[in-house]
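Secondary and tertiary structure notes
Residues per chain, in single letters:
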Amino acid sequence: MSFQKILLGDICDFIRGVSFNGTEATEMPTDDMVPILRAGNIGTILNTENDLIWVPSKRVSKEQYLQLNDIVICMASGSKDVLGKTAILTHKFRGSVGAFCGIIRSRKVDPKFIAYWLLSSGFYKWRDDQAKGANIQNLRYSEILDIPIPLPPLDEQRRIAALLQRADRLRRLRRFSRQLSDTFLQSVFLQMFGDPVTNPMGWETAQIADFASLISSGATPLGGAETYQKTGIRFIRSQNVLMNSFDFSDIVYIGNETHMNMKRTWVKENDILLNITGASIGRVAIYTEQVPANVNQHVCIIRIKPGILSPKYLSYQISIPSFQKYILSLQSGATRQAFNFEQIRDFRIIVPQMELQKDFISIAEKFLNNNSRLIESSRQSEQLFQTLLARAFSSSR
């Protein structure tokens, strides 16, 4: 069923974010100051509790104060993934948004329907077509108002929004459950070994180089993405390496000849894979399969010699938040996030007795076996939401 397309500006108002002098802003609230949200506050929900800045109330006009069901949108960013991000305000909040954001205020329509349309592939395609700017990409206010939206009758808008809201709640609940489970092993590690950076338990320390037989990254095959295949040898890229796990949903493959030409970076069972560039820098997981694989230049292999250090234990130590903060402070590149091999070799780690490492691994493996069901459940709920989102808005064009 197709619906009439209406310009967003005919059913919504657009309010620009608040402009202010940087010297006026503070991270602590004082009298006659107003909290301001920025792009970092836009997630699956609108975070109005953390990472706020405060500006004088004289900078905020009456219409710039956020209202219930307003949609906040990022209008300018150095990251293409952040540009166009949106979230709806579902609770009372007396504040506004900064100049790099804007407010979409619905009228004559269901605001949740508009909020979900702004998460659809149709909107993101429009965003990708319109984004302008070499370094800071931006969307224009006038262009936002001219977006054509397929608009069903109000009752149908509400039905679609209610259906998507139920699926959205489910995926967020499953995601939150995963986040809670992730903190469990962190707590076990800290209880057994203490903070790996401050080392309050006084464990022996060493550098990774003292235990590694290989620290190296791969390369993009000659010909780039055109050489990827639908079957063959796994070619692990940074997007496949999550924190303490892998996501092979978009894995690509290389041919055996290419794999043979990249022998140095063959991935072996119990290799530690560490992302060494870009936004995912620091993510780490251990490869526990015997399936042949290789890596690109953004993923580093850390191969540990048999002996007094367990690679599974080391991989988890690297993932601990305080250790992540420590290694990120060492990264090279003034404008680019990156680790070089020398820095990785010099990572200083704590080395408890092997028996204690094995005890931790035993706990971790039992937990992760149970946790795999939660991960699959979370994946399915995300897939359900995305499927319903696609159906809801593809059928209304």
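Remember, it's a predicted structure, so these values are computed and weren't measured experimentally. (Residues numbered from 1 in each chain as written. Predicted model: local features only at pLDDT ≥ 70, side-chain atom pairs only at ≥ 80, totals over all residues. Heavy atoms only, no water.)

Turning our eyes to something else, we now look at unusual backbone geometry. Its identity as a non-glycine residue notwithstanding, K108 has a phi of 70 degrees, on the positive side. Secondary-structure assignment places K108 in the loop between strand 9 (101-106) and helix 2 (111-117). Take K108: its relative accessible area is 70%, and that puts it in the exposed class. One non-glycine residue with positive phi stands out, namely N244, at about 70 degrees. (Helix = DSSP H or I, 4+ residues; strand = E, 2+ residues; numbered from the N terminus. Buried < 20%, exposed > 50% of the residue type's maximum accessible area, 1.4 Å probe, protein only.)

Our focus in this paragraph is the sheet that holds strand 19 (residues 293-295). Spatially, 15-14-19-16 is the arrangement adopted by the 4 strands of the open sheet, whose pairing is mixed. Looking at strand neighbours, the two that pair on one side only are strand 15 (252-254) and strand 16 (266-267), the edges of this open sheet. Pairing analysis gives 2 bridges linking strand 16 to strand 19, with the strands arranged antiparallel. By the bridge assignment, V267 is partnered in strand 19 with A293. (Pairing = 2+ DSSP bridges.)

It is worth spelling out helix 3 (residues 121-130) at this point. All buried positions along helix 3 are accounted for by F123, W126 and R127. Down the axis of helix 3, the buried set is contained in an arc of 100 degrees. They therefore lie on one face. Turned more than 90 degrees off the buried face of helix 3, the exposed positions are S121, K125 and D129. Buried residues belonging to helix 3 abut strand 5 (71-74), helix 2 and helix 4 (141-145). (Arc of directions from axis to C-beta. Contact = heavy atoms within 4.5 Å.)

Before going further, it helps to examine the nonpolar core. Looking at soluble globular proteins, one finds that nonpolar side chains tend to be buried together. Counting residues in hydrophobic clusters, the biggest one holds 37 residues, and the most contacted among them are I208, L274, I302, I318 and I344. By size, the runner-up hydrophobic cluster in this structure holds 35 residues, among which are C12, V109, Y141 and L151. (Core = buried A, V, L, I, M, F, W, Y, C linked by side-chain atoms within 4.5 Å.)

Residue position: T30 is located in the loop between strand 2 (12-16) and strand 3 (33-37). A relative accessible area of 47% places T30 in the partly exposed class. Along the backbone, T30 and V55 are 25 residues apart, and their C-alpha atoms lie at a distance of 9.2 Å.

Keep in mind these numbers describe shape, not what the thing actually does.
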